Structure formats: structure tokens, C-alpha cells
Amino acid sequence: MEFLIASAIGSLTAAGVYLSLRKRSFAVVLGMTLLTYATNLFLFVTGRLVIDQPPVLREGVTAYTDPLPQALVLTAIVISFGMTAVVVMMALGSFIEGGDDRIDLPRRDREGPGA
Amino acid sequence: MTPALIVALPFLGAALPGLMVRTSRNAAAIACGSFTLLALLGLIVNIPAVLAGEVVATRIPWMSQIGLDADFMLDGLGLLFGILILGIGLLIILYARFYLSQQDAAGPFFTYLMLFQGAMTGIVLSDNILMLLVFWELTSLSSFLLIGFWKHLPEGRQGARMALNVTAMGGLAMIAGCLLLGQVAGSYRLSDIIAQREAIQSSALYLPALLLILLGAFTKSAQFPFHFWLPRAMAAPTPVSAYLHSATMVKAGIFLMARLWPALAGTPEWFGIVATVGLVTMLIGGAIALFQDDLKGLLAYSTVSHLGLITMLLGFGTEAAATAAMFHIVAHASFKAALFMGAGIIDHAAHTRSIRRLGGLRTLMPLTFGLVLIASLSMAGIPPFNGFLSKEMMLEQAASAAGLFGAVATLASVFSVAYSLRLVAHVFLGPVRHDYPTAPHDPGAGLWLGPALLVAVVILSGLFPNATLGWIVTAAASAVTAQALHPHFALWHGVNPALLMSALAVAGGAALLVLWQPADRLRQALPHIDAKAMFDAIVGAAERLAAAFTDGFSNGSMSRALAAQLLLALICGLAAWHSGLAGPAARPMLPVTPVALVGWVMMLVGIGTLVALHRRRILALVLVGIVGLIVSVTFVYFSAPDLALTQISVEVVTVILLLLALNFLPKRTVLDTSDLKRGSDAFVAALAGLGVGGLAFAIMRRDFAFPSISGYMVENSYKLGGGDNVVNVILVDFRGYDTYGEITVLGIAALTIFALTETLLGGRGAHRLHQWVRDMRRAGDRHPLMLGVATRALLPLTLVVGLYIFLRGHNAPGGGFVAGLIVSVALVMHYMASGFAWAMQRQSIPYHALIALGVLAAGVTGAGAWFAGQPFLTSAFGYVHLPGIEPIELATAMGFDTGVFLCVVGAVMLALNSLSRIAREAGRDHAAADAAAPIPATQA
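Computed from a prediction, not measured in an experiment: that's the story for all the values here.

1. Concerning the overall build of chain A
So, step 1. Within chain A one finds 4 helices and 0 strands.
So, step 2. Taken from N to C terminus, the helices and strands of chain A fall in the order α-α-α-α.
So, step 3. In terms of C-alpha radius of gyration, chain A reaches 20 Å, well past the compact-globule figure of 13 Å for 115 residues.
So, step 4. Based on the C-alpha atoms only, the size of chain A along its principal axes is roughly 75 × 25 × 20 Å.
So, step 5. The long-range share in chain A, meaning contacts at least 24 apart out of those at least 6 apart in sequence, stands at 51%.
So, step 6. Entry remark: accessible area of chain A is about 4,100 Å², with carbon and sulfur atoms responsible for 61%.
So, step 7. Where the 9 positive side-chain charges of chain A centre and where its 10 negative ones centre are 10 Å apart.

Here it is as C-alpha cells:
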């Protein structure tokens, strides 16, 4: 089971990195979304894999999974929504203002106002 | 008043002019002046205690683990500097009020001035060397703002940059030196450090620490060869020069040397470096000052020279020399600040500071002439003013030191006399001229009162040194040398070598002034060393190096920079893995279940398809949704119901958001990368995937290396937090501070989106947006009736579900985050079903307000704990028993969770709302044109 999860995290990361290295904004947004999944899962599994022991206290139950990574990941999920929204908005803004959705710095901007 | 409060007062005062952005100069000056006066009074009430030999201290524990505590102390040395800083500060505020013109932004000016004053007071009252460093850097920063205050003057900006570069560079060295010193002494508390003379001086780290600290002190106090920044800083408004560059900031380096004197002084290294640098600075500064044509330039180099004098005295390492240094600090501050203010008065009246264009002002500005004359004579060391006393003491010490000190000090005094007399002779004496830029006249009381008070100090402390300054100089010198000293100051010591050297200096100086014209011609014939050119060359070379490095690393291609970062991260990770101590992979693996296998296959297929087809964007979005769903299922499968709920609701809003955005973006990604680029990207991606996956596997195969703190949380979730859902209790209680920060960040992100939208709709993009042509066919009915009715019917139900999820969150999966997302989804559905305008008409709460309300609610709940005497965000809970139903739990955490809920709803809705507004604006021109055109009957 551990191998399945680890390979899924690895695949999510690889796909996320590959898409993040594209040159158009939408692909990068997709890549970052995948990287978010990968990171959240990675953080989550640092609590180790545990089945059927949710960290909700019940009478007579003594074994619970690690709640701490879950709390960390929960806020991470919400924050990553905020981040995705900002990035999407920036992508949209640059497309509408600049007319294309390339993410690289155009040559004229790179060389500065003097050039 | 405690030293900590005295330090805090100027900072509090700094907020006032900033708050009253459009204040008049009067309001700003009075606000600052009253805080300065209050701090000064705070110092004064402590005088009896300090003179009785006490050290008044405030100790506030802060981060004691790393040796950083907010410790403040007030001893004789701190008192002397404190009175200088606050007393002269008060005069400067008065002077600046009348110096600044109506066009100058008085608010920011006084804010910077107070910031500087607070930082300076912090330096001299700190008892923790790390705190001192922080204040030290603050003086560099605030002086940068002050020097460059007239932003429109290029020399102001250049001077500010140079001052910051030099002093901040020295500050960095000093940080290293102070850390070394703290290491050797085993404490960062100053009073501990200075008590450990033997341990420090016998340590192998003594010399490196000394060199680094001196680098900081020398750059700050403009000692040779770092003296060049001070004259360039004269582009500052004159009140700044008078305050920072005569009385206070440049003396910070001196203060540090005096403060650490008991620990560092007395070694051959100390004497060799400090006394020699001081002597050289004194001589060079004096020689350059003589030939300055700018009034403030002359004063600046003269300051350099006098700072050299004080440095040299401290370098001698004897008690008498330290006493002389303390006396001269006061004497120099009094006459030099008066002279700077006098220079400002002349500049104000005649509109020039060039000595060559002045002369004959004696009859036109008699009052100014009197003030400048007395201050100059004191600077020259003529009796009976205070400058004479300190110069006599200095010459006496120099004469008794080894080598050439006596001779060179006398030569430096010759220059000192010459430039002081030149200041008087070339500006005030001589015939009245007729070509002043404007007609000079004496100023109003606001400008002359400050220098007049200082000149009174110059006279009185010269005539009655023991009565006026004896007490404080004695206290300061005793604090510096850590011994009880009882010096006696007198104008007349009989005929001794010092008097003869002094007489020689006066005669030589007068002769040099007579011969000034030929001497100036000689100087002009000599080769000229331009410190600015050298400095610019060094800075330019550093800039080119940095630019070459940056350009080589990043050529504007995001993907290239990212790949480089990833590879570096991989290398670091690999190195860490090899140098770390991972235990054996002993944790048994869980058996693979068929359900998990199916999920895994779906996930991999989803990812693979997504990568292969990502250029078809709408399809890619669907695939991302699928992958996200499997992630949620994974959470629920591995005992994380809260995460699954959150993930699935975030998934919904994310997809809606991306769909809204995709409306305007191209629907396909064009293929514009080469096979090679895609191959190498795939290679980097594969490495990253292997790294992260491998690490995850390695972690899962091992047990915790250290006992986890999670056990504590599970055990105490109910006992301390009153909740059964441990994850929720962690969020709203144990780690409430983190959550508080996170909802704030979420709110900021939403506001950023709002601001971006505003810019977009208001900027040149708006026109493009209005012209936008749809690139996809629209649905026939934009707001289908069925969907509209269904969402309206569902709304109450969804809200109830949201409320339920929220309320049960403390004890079962749910809580503010999830409830906020669910309610947002319910609201967004209305946008989609019934249209933006329809939805906006029916809701009146602005989303910004929800965000603010949320953060506020969480903050107020947290602050409520203070009233129960508990730290911020401590929660309390209890049970209410109502007849007929089960006990109801009421917890303060619920208030906090309400804040989370409101913030999440506000942030999500504001983000989606912003995108919807763009959608509304898009294609407006066409819509207007369509509406205006008559609709053909066949199409209607």
C-alpha cells in the first residue's frame, strides 16, 4: 500500500513539474494544482498510513491516526485555493493586458528601459 | 520611568505625524516634541539614581533561548548619550519646524526623525547586544530616509545610498563581531560581556571580534578610510545634518567603543588600531576641512576630524583619556550642532552655502555672527569655551603617549584652529558684498533659539565645567572605565606642555589662515584623490558582477529558472539524505486492497492523460477535477474525513474559478517548444517525481524518530479544548495562532485578486476587454429556468447543511473551513444559474466586509483570553443545561471558528466575484452595438 501512495505522489509531482515548466500560463496553473495535491498528500502521509482510525474521539477507542499532519494539510488546502486564485487572476490579467499568455519575460523588458 | 519606556516613547511619537498625514508643520512638531520631552523627563527623573552609582534596568524576557531579551539599562554613559540625543533632538524639532518650507512633507520628515531618535536611544540604553544591533541597523535605515529626504535632489539620493552602503556594510561586520563576542563571553547581555575582560582578551577570537566590531564603529563614525560618506550626506536638510551628523548618529560608533571599552580596550591591538586610526582621521579631516568651500562641507570634515580626536582618546585606553573623550563628546555636540544650525540659518537667509560667495555678513546678521563666532572659537579650542578644555586634555594625553602622537595632534590642532577661524573670517568678516543671491538678515526666534541655547552651554560649561558638566562626565567616564573616577576640570593648569602645544596650534592656525590663498593654490596643484570615484568604481564593479551572475542564471525564461531551482533542491535533498541518519525501513507495510489498487490505477491514468492532453484545456480541467476527487477519496480512505470534506469543496470552487478564467483564455495551448526542451523537462520532472516519491516511501517505511507531539493533542483534545474532533481542536485551539495567520493570508489573497481586477478594469486592458469577442458558442439559454429554480429551492437546504457542518465541527468532521466552502458553493451556484446581476441585487453584504469581520471575530475571540489573564487565543468552554434536551457545549473556539467561516466565505466569494465582474465587462461594446442595432424580424 505504501508503495502505491508513494508512486502516486511521485507521479503527481513529476506531472506537476513537467506542466509547471511549460511556457503558457494555463499549463503552469494546472501544474501547480498537481504539485499542490502532491505536496498535501506528502505532508499527510508523514503521519503514516492508517485505515479506519479517524482522529475523532469515541468511547472505548484508544487508537487514532496522527491528527497533526491533517490539521496542517487542511489549512494548506484552503490556502492553496487562495494562491491558485491569485495566479489565475495574474494569468488572466497579463493575457488581457498583454495579448498573449506566455510567462517568459519578453526580451524588451529583460534588457531594461535603457536598452 | 523605566529605560524600556524611554526607548519606546520616540517610536510611539513616530506614529503620530504619520497618522496625521496632512498635518501642519506645527501639529507634527508639537506631537514629536512632546514625546521627546516626555522621554527626556523620563531620563531626568533617573539622574539621582544613576549619579548614586545605580544601574537602572528593565529586563523583559523575550527569546532567551537564543540570548535575545529586551533588556535595557541606564548608567552614566547611557545617560550622557540619552540626554544628548533627546535634548538636542528637542532643539532640532523646534529648528526643523521653522527650517522646513511649506512644500516639504513635514509629516514623513518628523516620522523619520522620531524613528531615528528612537533607534538611537535604543542603542545607548540597550543591555543586550543583539537588541543593540537591531537598533544600530535601524539608525542606518532611518538616516538613509533622512539624508535622501529631498528626493528630487540627485546628490541627496546618491549621498543617502552611499551612507547606507558604507554604514550597513560596517553594520554587517559588526553583527559578526558581536556574535563572536557573545560566543566568547557566553552571554549576549552587555553588562555580562563587559565584566569578562580577561576571558575575552585571552580568547583566540578576540582579534577577529575586535576587527569586525571596529569596522562597524569606524564606518558609522566616519573614521578614515570610511570618512568619505559623511560629507556626501550633507545633501540632507540641515536639521538632519545638525542632528545625525554632528551630535548623534556619527557618535554611535564612538558610543560602541566606549561601551565595550572595559572588555576590549587596553591591549596593544586596541591601542595600535583605534588610537592610530583616530589620529590619522583627525589630521586628514582637519586638512580637508580647511579647503572646503561649502559651509556644511567644512563642518562635515571638521566633524570627521573631531570624531577622530575622540576615537584616538578612547584608543589610548587610559582613564584620563576616556574622561577627556566623554567631555569632548558633550563639547563637540554643543558647538557643532550650533554651527550646523548656524550654517542652515545662513543658507536660509543668503540662499547659498558657498564660502566664496559669502563674506561681510557681520553687520547684516549680527545675531548669527555672535552665535557662530562663539561656537567657532570653542571649536578652535580658544579659552574660555568648552572646546578649549577638551582640547587641553586631549593634547596632554597625546603628549604623554608614545611616538609621534603629540606632534601630529598639534598639527591637527593647527588645522582645527585654521578652519574654525576661516569659517568666521571668510563668512562674516571682510567688506559687505552686493552679490548675495538674496539679501541676508537674521532669522526669527524659531531658528536662532536652538543654537543660542547650545551656545549658552558652550560658554557656561567652559567657565564652570565642574558645576555644569562635571557630574555627567564623571558618571559617564566611570561607566566607561567601570571604575569610580573623580576628575577635576579647570581652565588653568599652569604652564604645561599641553598649553604650549595649544598656543603653538593657535599661532600656527592663525598663520595658516593668513596664508590661505597660497595654500589653496598649492592644494589645487597637488594630485587629487576622489573618494567618491573610488567608491563608485567599487560599487559599479559589484553591480556588474551581480548582474552577470543573475543574467547568466536567469535569462527571463521562467521555465529555465524553475528547472535550475528544482535541480538545486534535488541536489540539496540528496546531500541531506546521505549525510542524515535514517533508521532502517522497519515499519511493516499495509496490504494492498483491491479498492486501493483501482484508485491507484485511476489516478495514474488520470495523470497520464492529463499530461498527454493538457493542451486541450477544457478537457485538462475535467481531468484535474478527476485527480482531485481521487485525492479526496484517498484522504477519506486513510482516516482523514476532515481533509476529504475540505478537498472536495475546494475542488468545486477551484474548477469553477478556472472555468471562469478559461472563458477568456485561449482554449488550446499551442505547441511552441522543441522536442529537446520537452525531453529535458520530462527528465527534470522524472527526477523530481522520483525524489519526492522516494522520500515519501522512505518516511512511510519508518517509525517516528522522535516521540510525536500528536499524542498530547489526542489526549488533551477533550480535556483542554472541549472537542472530540482532534483536527478541529488543533486548528481552533492548540495551533489557533497558525490558523489565525492563515485566514489572514487567505483574506489578503482575496483582496489582491480584487485589486488586480480593479486595475484590470480601470487600465488599458479594459478597452481590450470591452472589445473582446467570444471564441466559443454560447449556450442557447444562459440562465436555464430549471437550474435557477432548483438552486433557489436548494439554497435554504445548503445553508442548513453548512450550518450543521459548522456546528458539529468541534466534535465531528466539519468546522469553519468546510462550512465556509459549502456556503460559498451554494452562493456561487446562484451566480451560474441566475446570473451575476440577479445575485448581486439580492445580497447586500460586501465580501470585503466579511473578510474583515472574520479576521476581526477571530482576533477578538483570541484577545478575550487576555481578560481571563490567559495568553492570546487560549480557549474556554462549558456546558449549558436546558431542560428537555442534551447539554449544549459552548466554547470560545466557536467564536474563532466563526471568524474562520466568515473569512473563507468572504475570500472565496470575493475571488469568484472579481472574475465574474470581468466576465460582465467583457464584450460590452458588442453587446451595446447589438442592443442599438434593430433586430431583424426573422431572428427575433
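Let's pick the thread back up.
2. Section: the overall build of chain B
So, step 1. Assigned secondary structure in chain B consists of 41 helices and 4 strands.
So, step 2. Expressed as lengths along the three principal axes of its C-alpha atoms, the size of chain B is roughly 110 × 75 × 70 Å.
So, step 3. Long-range pairs, those at least 24 residues apart, make up 79% of the contacts in chain B with a sequence separation of at least 6.
So, step 4. On chain B, roughly 39,900 Å² of surface is accessible, and the fraction owed to carbon and sulfur atoms is 71%.

3. A short note on the environment of Tyr718 of chain B
So, step 1. Here Tyr718 of chain B is to be found in helix α32 (residues 710-721).
So, step 2. Note on Tyr718 of chain B: relative accessible area 38%, which makes it partly exposed.
So, step 3. Note: C-alpha distance between Tyr718 of chain B and Val729 of chain B (11 residues apart in sequence) is 8.5 Å.
So, step 4. In this structure Tyr718 of chain B touches Leu57 of chain A together with Gly723, Asp724, Phe877 and Tyr879 of chain B, once residues within four positions along its chain are discounted.

4. Description of the UniProt feature "transmembrane region" (unreviewed entry) in chain A
Residue and element names in this part refer to chain A.
So, step 1. The UniProt record annotates "transmembrane region" (unreviewed entry) at residues 25-51 and 72-96.
So, step 2. For residues 25-51, helix accounts for 78% and strand for 0%, while the C-alpha atoms at its two ends are 39 Å apart.
So, step 3. Taken end to end, residues 72-96 is 100% helix and 0% strand, and its two terminal C-alpha atoms sit 36 Å from one another.

5. Describing the interface of chain B and chain A
So, step 1. With 113 residues of chain B in contact, the opposing surface of chain A contributes 82 residues.
So, step 2. Carbon and sulfur atoms supply 78% of the area buried between chain B and chain A, which totals about 8,700 Å² over both sides.
So, step 3. The largest per-residue losses of area from chain B upon contact with chain A belong to Phe638, Ser639 and Met700 of chain B, which jointly make up 8% of the total buried on that side.
So, step 4. The interface formed by chain B and chain A includes 2 salt bridges.

6. Thoughts on the domain arrangement of chain B
Residue and element names in this part refer to chain B.
So, step 1. Along its sequence, chain B is organised into domain 1 (268-525), domain 2 (558-575 + 587-704) and domain 3 (724-933).
So, step 2. Put simply, the middle of domain 2 and the middle of domain 3, counted by C-alpha atoms, are 27 Å apart.
So, step 3. Counting residues at the interface gives 17 residues for domain 2 and 20 residues for domain 3.
So, step 4. Surface buried jointly by domain 2 and domain 3 totals about 1,600 Å² across both partners, of which 82% is contributed by carbon and sulfur atoms.
So, step 5. It is Asp642, Val653 and Phe664 in domain 2 that bury the most area against domain 3; as a group they hold 35% of the surface buried on that side.
So, step 6. One can count 0 salt bridges joining domain 2 with domain 3.
So, step 7. Run the count over domain 2 and domain 3 and you get 2 residue pairs in polar contact (both at pLDDT 80 or more).
So, step 8. It is helix α30 (residues 641-662) that contributes the most residues to the side of domain 2 that touches domain 3, 12 residues altogether.
So, step 9. Taken together, the residues of the side of domain 2 that touches domain 3 sort by class into 12 nonpolar, 3 polar and 2 charged.

7. Regarding a nonpolar patch on the surface
Residues and elements named next belong to chain B.
So, step 1. A cluster of nonpolar side chains, contributed by Met1, Leu5, Leu37, Leu38, Leu41, Ile44 and Val45, occupies part of the molecular surface with about 570 Å² of accessible area.
So, step 2. Looking at the nonpolar patch, the element that brings in the most residues is helix α2 (residues 25-45), giving 5 residues.
So, step 3. Relative to the helices and strands, Leu41 is located in helix α2.
So, step 4. Residue Leu41 is classed as partly exposed on the basis of its relative accessible area of 44%.

8. Side note on the UniProt feature "domain: Na+/H+ antiporter MnhB subunit-related protein" (unreviewed entry) in chain B
So, step 1. Annotation from UniProt places "domain: Na+/H+ antiporter MnhB subunit-related protein" (unreviewed entry) at residues 787-909 of chain B.
So, step 2. Within the segment residues 787-909 of chain B, helix and strand shares are 70% and 7% respectively, and the terminal C-alpha atoms sit 20 Å apart.

9. A few points about the pairing of strand β2 (residues 68-74) of chain B
Two faces belong to every sheet, and in a regular strand the side chains alternate between them.
Residues and elements named next belong to chain B.
So, step 1. Burial analysis of β2 places 7 of its 7 residues in the buried class, the great majority of the element.
So, step 2. Judged by which residues are buried, β2 turns out to be covered on both faces: Leu68, Ala70, Phe72 and Leu74 on one side and Asp69, Asp71 and Met73 on the other are all buried.
So, step 3. Across 6 bridges, strand β1 (residues 56-63) lies against β2 in antiparallel orientation. Bridge assignment links Arg59 to a residue of β2, and that residue is Asp71.
So, step 4. Linking β1 to β2, which pair antiparallel, is a turn of 4 residues; within it Gly67 sits at a positive phi near 80°.

10. Thoughts on the nonpolar core
So, step 1. Phe110, Trp229, Trp270 and Met326 of chain B are the most contacted members of the largest nonpolar core, which totals 191 residues.
So, step 2. At 21 residues, the largest contribution of residues to this core is made by helix α17 (residues 319-350) of chain B.
So, step 3. When near neighbours in sequence (up to four residues on either side) are disregarded, Trp229 of chain B contacts Met162, Ala163, Val166, Thr167, Thr219, Lys220, Ala222, His245, Met249 and Val250 of chain B.
So, step 4. The next biggest cluster of nonpolar side chains, apart from the first, holds 127 residues, and it includes Tyr64 of chain A together with Leu658, Val684 and Ala907 of chain B.

11. Observations regarding the pattern of salt bridges
Once their charged atoms are close, side chains differing in charge can pair, the charge on each being opposite to the other.
So, step 1. All told, the structure shown has 20 salt bridges over all chains when counted by the stated rule.
So, step 2. Among the ionic contacts, a cluster of salt bridges with common partners joins Asp293, Arg356, Arg422, Asp520 and Arg523 of chain B.

12. Some words on the packing of helix α2 (residues 25-45) of chain A against helix α29 (residues 617-637) of chain B
So, step 1. For the pair α2 of chain A and α29 of chain B, the least separation of the axes is 11 Å and the interaxial angle reads 5°. Overall, the two elements α2 of chain A and α29 of chain B adopt an arrangement that is roughly parallel. Along the contact surface, α2 of chain A presents Phe26, Leu30, Thr33, Leu34, Tyr37, Asn40, Leu41 and Phe44 of chain A, while α29 of chain B presents Arg617, Ala620, Leu621, Val624, Val627, Gly628, Val631, Thr634 and Phe635 of chain B.
So, step 2. Of the residues belonging to the contact of α2 of chain A with α29 of chain B, the class tally is 12 nonpolar, 4 polar and 1 charged.

13. Structural notes on the packing of aromatic side chains
So, step 1. Evaluation of the coordinates by the stated rule reveals 19 aromatic pairs over all chains.
So, step 2. Here Phe72 of chain B and Phe135 of chain B contribute two aromatic rings whose centre-to-centre distance is 6.3 Å and whose plane-to-plane angle is 50°, an arrangement assigned as tilted. Placement of the pair is Phe72 of chain B in strand β2 and Phe135 of chain B in helix α6 (residues 129-147), with a sequence separation of 63 residues. Each member of the pair, Phe72 of chain B as well as Phe135 of chain B, is classed as buried.
So, step 3. Positioned over the ring face of Tyr18 of chain A is Arg22 of chain A, at 4.2 Å from the centre of the ring.
So, step 4. The side chain of Arg97 of chain B reaches across the aromatic face of Phe98 of chain B, ending 4.7 Å from its centre.

14. Quick notes on helix α39 (residues 847-867) of chain B
Residue and element names in this part refer to chain B.
So, step 1. Taking 1.5 Å as the rise per residue, α39 with 21 residues should run 30 Å; its terminal C-alpha atoms sit 31 Å apart, in good agreement.
So, step 2. By the burial criterion, the buried members of α39 are Tyr847, Leu850, Ile851, Gly854, Val855, Ala858, Gly859, Gly862, Ala863 and Ala865.
So, step 3. Contact partners of the buried residues in α39: α34 (736-762), α37 (816-834) and α40 (892-921).
So, step 4. Note on α39: the residue one or two positions beyond its end, Gly869, has a positive phi of about 75°.

15. Thoughts on the environment of Ile60 of chain B
All names here are of chain B.
So, step 1. Relative to the helices and strands, Ile60 resides in strand β1.
So, step 2. Residue class for Ile60 comes out partly exposed when judged on its relative accessible area of 40%.
So, step 3. Separated by 86 residues in the primary sequence, Ile60 and Leu146 have C-alpha atoms spaced 31 Å apart.
So, step 4. Other than its neighbours up to four places away in sequence, Ile60 contacts Ala4, Asp69, Ala70 and Asp71.

16. Quick look at the side chain of His770 of chain B
All names here are of chain B.
So, step 1. When you line up the elements, His770 lands in helix α35 (residues 765-770).
So, step 2. Using a relative accessible area of 12% as the deciding quantity, one classes His770 as buried.
So, step 3. A distance of 3.0 Å separates a polar atom in the side chain of His770 from a polar atom in the side chain of Glu921.

17. Here's the deal with helix α5 (residues 106-125) of chain B
So, step 1. When the terminal C-alpha atoms of α5 of chain B are compared, their 28 Å separation across 20 residues agrees well with the 28 Å that a helix rising 1.5 Å per residue should span.
So, step 2. Judged by how many residues are buried, α5 of chain B sits mostly within the fold: 18 of 20 residues are covered.

18. Describing the side chain of His830 of chain B
All names here are of chain B.
So, step 1. Inspection of the secondary structure puts His830 in helix α37.
So, step 2. For His830, a relative accessible area of 7% corresponds to the buried category.
So, step 3. In this view, His830 contacts Thr791, Arg792, Leu795, Gly835 and Trp838; residues no more than four positions away in its chain are not counted.

19. Observations regarding the confidence of the model for chain B
Residues and elements named next belong to chain B.
So, step 1. Averaged over every residue, the pLDDT of chain B is 87; residues scoring 70 or more account for 98%.
So, step 2. The lowest-confidence element of chain B is helix α41 (residues 924-932), averaging 64 in pLDDT; the highest-confidence one is helix α28 (residues 594-613), averaging 94.
So, step 3. Low confidence marks residues 935-940, where pLDDT is under 50. Its contacts with residues over four positions away, or in another chain, come to 1 contact.

Conventions we followed
- Residues numbered from 1 in each chain as written.
- Chains lettered and ligands numbered in written order.
- Predicted model: local features only at pLDDT ≥ 70, side-chain atom pairs only at ≥ 80, totals over all residues.
- Heavy atoms only, no water.
- Helix = DSSP H or I, 4+ residues; strand = E, 2+ residues; numbered from the N terminus.
- Rg over C-alpha atoms; globule rule 2.2 N^0.38 Å.
- Contact = heavy atoms within 4.5 Å.
- Areas by Shrake-Rupley, 256 points an atom, 1.4 Å probe, with all protein chains shown as cover.
- Lys, Arg positive; Asp, Glu negative; His and termini not counted.
- Charge placed at Lys NZ, Arg CZ, Asp CG, Glu CD.
- Buried < 20%, exposed > 50% of the residue type's maximum accessible area, 1.4 Å probe, protein only.
- UniProt positions renumbered as here; feature names shortened; annotations may be inferred.
- Buried area = accessible area lost by both parts, 1.4 Å probe.
- Salt bridge = Lys/Arg side-chain N within 4 Å of Asp/Glu carboxyl O.
- Domains from an automatic or database assignment.
- Polar contact = N/O pair within 3.5 Å; in protein donor to acceptor, adjacent residues only side chain to side chain.
- Nonpolar A, V, L, I, M, F, W, Y, C, P; charged D, E, K, R; others polar.
- Patch = residues over 30% accessible without salt bridge, like charges linked within 9 Å, V, L, I, M, F, W, Y side chains within 5 Å.
- Pairing = 2+ DSSP bridges.
- Core = buried A, V, L, I, M, F, W, Y, C linked by side-chain atoms within 4.5 Å.
- Axes fitted to C-alpha atoms, helices over the stretch in contact; angles between N-to-C directions.
- Parallel < 35°, antiparallel > 145°, perpendicular 65-115°, else oblique.
- Phe/Tyr/Trp six-rings, centres within 6.5 Å; stacked < 30°, edge-to-face > 60°.
- Lys NZ or Arg CZ within 6 Å of the ring centre and 35° of its normal.
- Expected span 1.5 Å × (residues − 1).
- pLDDT = per-residue confidence, 0-100.

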